[in-house]
Amino acid sequence: MTHTTDPTKAVLSNSALHHKNLCNYVINVATGCTHGCKFCYVPSTPNIKTRGKMLKEQAGVESGQKEWGSYLLYRDDLPERLARKLDRKRKWEETEDGRGVVMISSGTDCYQDRRAAQITRECVIELVNHGRPVRILTRSPAVVRDIDVFQAADGYVTVGSSIPCLDDELVRSIEPGAPAPTARLNALEEISNAGVPVYVSMSPTYPTQDREDLRALLTEFKERLDPDVVFHEPINPRGGNFQMTVQAARDAGQTELADELDKLRDRENWIEYSKEQLLAVRDIGEDIGVPIHLWPDKEFIKHAGEDSEFFRQEREKMDSPEDYPKPPAPV
């Protein structure tokens with residue numbers, strides 16, 4: 001594992017993730033991620049692909065995607081630069097679907113170790129002090145270290161974690177460096193019990209999960225978290241990282257998962273699996289009272305048959321079940 005600093009001067013970036021009702025801005029406290037999730041989309045984004053020279057010079061990285069999980073470049077001075085940026089920023093984007101929210105982080109895990117966590121803590125404090133709502137997404141139980149900051153934010157911070165299922169060994173096979181999903185759930189429960197808004201990114205779910213598996217998982221979220229929303233997305237077989245995902249599952253001895261993932265290379269199999277899971281999660285959520293927000297892939301929608309219009313509306317809807325961010329209390 002290579003640890004060094006990131007010379008990038010970017011601070012606060014506009015984000016297209018408002019299309020998923022997540023945010024209007026993103027802040028990444030580092031480049032790279034020690035979790036090394038095999039399916040991660042980040043190595044195929046411009047954040048990594050266009051910065052090959054910098055990664056090679058700073059961390060000796062030859063392939064940003066193949067070496068994903070083996071390098072981490074911190075932005076230690078980010079909180080100070082963010083404070084200056086917020087002081088002079090007069091125009092703030094606040095679309096209906098993004099609600100002016102700043103997400104930490106979309107391209108790395110903001111609590112993956114102490115150094116990243118400290119940068120994150122200071123950034124959250126700066127954002128809240130400037131009246132900007134924050135969405136935290138992490139796989140790390142270390143997020144509980146900042147409950148005091150989240151409580152003091154008085155509704156301006158929501159905390160979420162990616163939890164595709166609660167089979168720790170299964171998840172570890174394709175998320176080799178990430179903390180166990182059971183530990184993530186425990187952390188979110190502690191945060192929820194502290195009165196801080198929480199949500200779940202139930203993604204990417206696996207083709208080995210049937211309807212009863214999905215019901216059991218959503219029931220756990222309902223009973224232990226009472227989340228403001230559960231975002232759901234099936235796994236996507238497109239992209240250069242999918243072969244690595246299949247191979248990682250096979251190498252870890254998860255033969256059934258590897259075989260079922262491999263079948264998704266066939267478009268019809270992928271369409272059928274995605275449709276079954278998306279509709280099942282929607283129906284179960286309605287049945288047990290869990291707010292659901294579906295993330296159907298745009299390529300999937302083209303081939304979803306009679307359900308295409310429903311999924312198109314889900315993808316394009318502007319509203320979200322979340323009661324977040326809360327408006328400031330009247331003075």
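Use the structure listed above.
These numbers were taken from a predicted model, which means no experiment stands behind them.

Calculation rules
- Residues numbered from 1 in each chain as written.
- Predicted model: local features only at pLDDT ≥ 70, side-chain atom pairs only at ≥ 80, totals over all residues.
- Heavy atoms only, no water.
- Helix = DSSP H or I, 4+ residues; strand = E, 2+ residues; numbered from the N terminus.
- Rg over C-alpha atoms; globule rule 2.2 N^0.38 Å.
- Contact = heavy atoms within 4.5 Å.
- Lys, Arg positive; Asp, Glu negative; His and termini not counted.
- Charge placed at Lys NZ, Arg CZ, Asp CG, Glu CD.
- Pairing = 2+ DSSP bridges.
- Axes fitted to C-alpha atoms, helices over the stretch in contact; angles between N-to-C directions.
- Core = buried A, V, L, I, M, F, W, Y, C linked by side-chain atoms within 4.5 Å.
- Buried < 20%, exposed > 50% of the residue type's maximum accessible area, 1.4 Å probe, protein only.
- Expected span 1.5 Å × (residues − 1).
- Arc of directions from axis to C-beta.

Caption draft 1: Focus on the overall build of the protein chain. Scanning the protein chain for helices and strands turns up 13 helices and 11 strands. Here the C-alpha atoms of the protein chain give a radius of gyration of 19 Å, agreeing with the 20 Å that 2.2 N^0.38 yields for 331 residues. Across its three principal directions, the C-alpha atoms of the protein chain cover 50 × 50 × 35 Å. Counting only contacts in the protein chain whose residues sit at least 6 apart along the sequence, the fraction spanning at least 24 positions is 76%. The distance from the centre of the 43 positive side-chain charges to the centre of the 55 negative ones in the protein chain is 8 Å.

Caption draft 2: Broad picture of the sheet that holds strand β6 (residues 102-104). With mixed pairing, 8 strands are arranged side by side in an open sheet as β2-β3-β6-β7-β8-β9-β10-β11. Two strands close off the open sheet at either side, each with one partner strand: β2 (13-14) and β11 (292-294). Two strands pair when backbone bridges link them, and β6 and strand β7 (residues 134-137) are joined in this way by 3 bridges, in the parallel orientation. Across the sheet, M103 pairs through a bridge with R135, a residue of β7. Helix α11 (residues 267-288) rests against β9 (198-205), β10 (230-234) and β11 of the sheet, and its axis sits at about 165° to β10.

Caption draft 3: A look at the sheet that holds strand β4 (residues 30-32). With respect to topology, 3 strands assemble into an open sheet ordered β1-β5-β4, the strand pairing being mixed. Of all the strands in the sheet, the pair left with one neighbour each is β1 (2-5) and β4. The sheet shows a mean angle of 20° between the axes of neighbouring strands, taken without regard to direction. Judged from the 4 bridges that link them, β1 and strand β5 (residues 71-74) form a sheet pairing that is parallel. Across the sheet, the residue bridging to H3 is L72, located in β5. Packed on one face of the sheet, helix α2 (residues 52-59) meets β1, β4 and β5 and runs near 95° to β5.

Caption draft 4: Up close: the nonpolar core. Within the largest apolar cluster, 90 residues are counted, with the highest numbers of intra-cluster contacts made by I136 and F221. Looking at which element gives the most residues to this core, the answer is α11, with 8 residues. With residues near it in sequence (within four places) discarded, I136 still touches I104, C110, Y111, V124, V143, F150, V157, T158, V159, G160 and Y199.

Caption draft 5: Spotlight on helix α7 (residues 181-193). A rise of 1.5 Å per residue sets the reference length of α7, with its 13 residues, at 18 Å; its end C-alpha atoms lie 18 Å apart and thus fit the reference within 8%. Within α7, the full set of buried residues consists of P181, R184, L185, A187, L188, I191 and S192. Looking straight down α7, one finds that the buried residues subtend no more than 160° of arc, so they occupy a single side. The elements touched by buried residues of α7 are α5 (147-152), β8 (157-162), α6 (168-174), β9 and α8 (211-224). Two residues or fewer past α7, G195 is found with a positive phi of approximately 90°.

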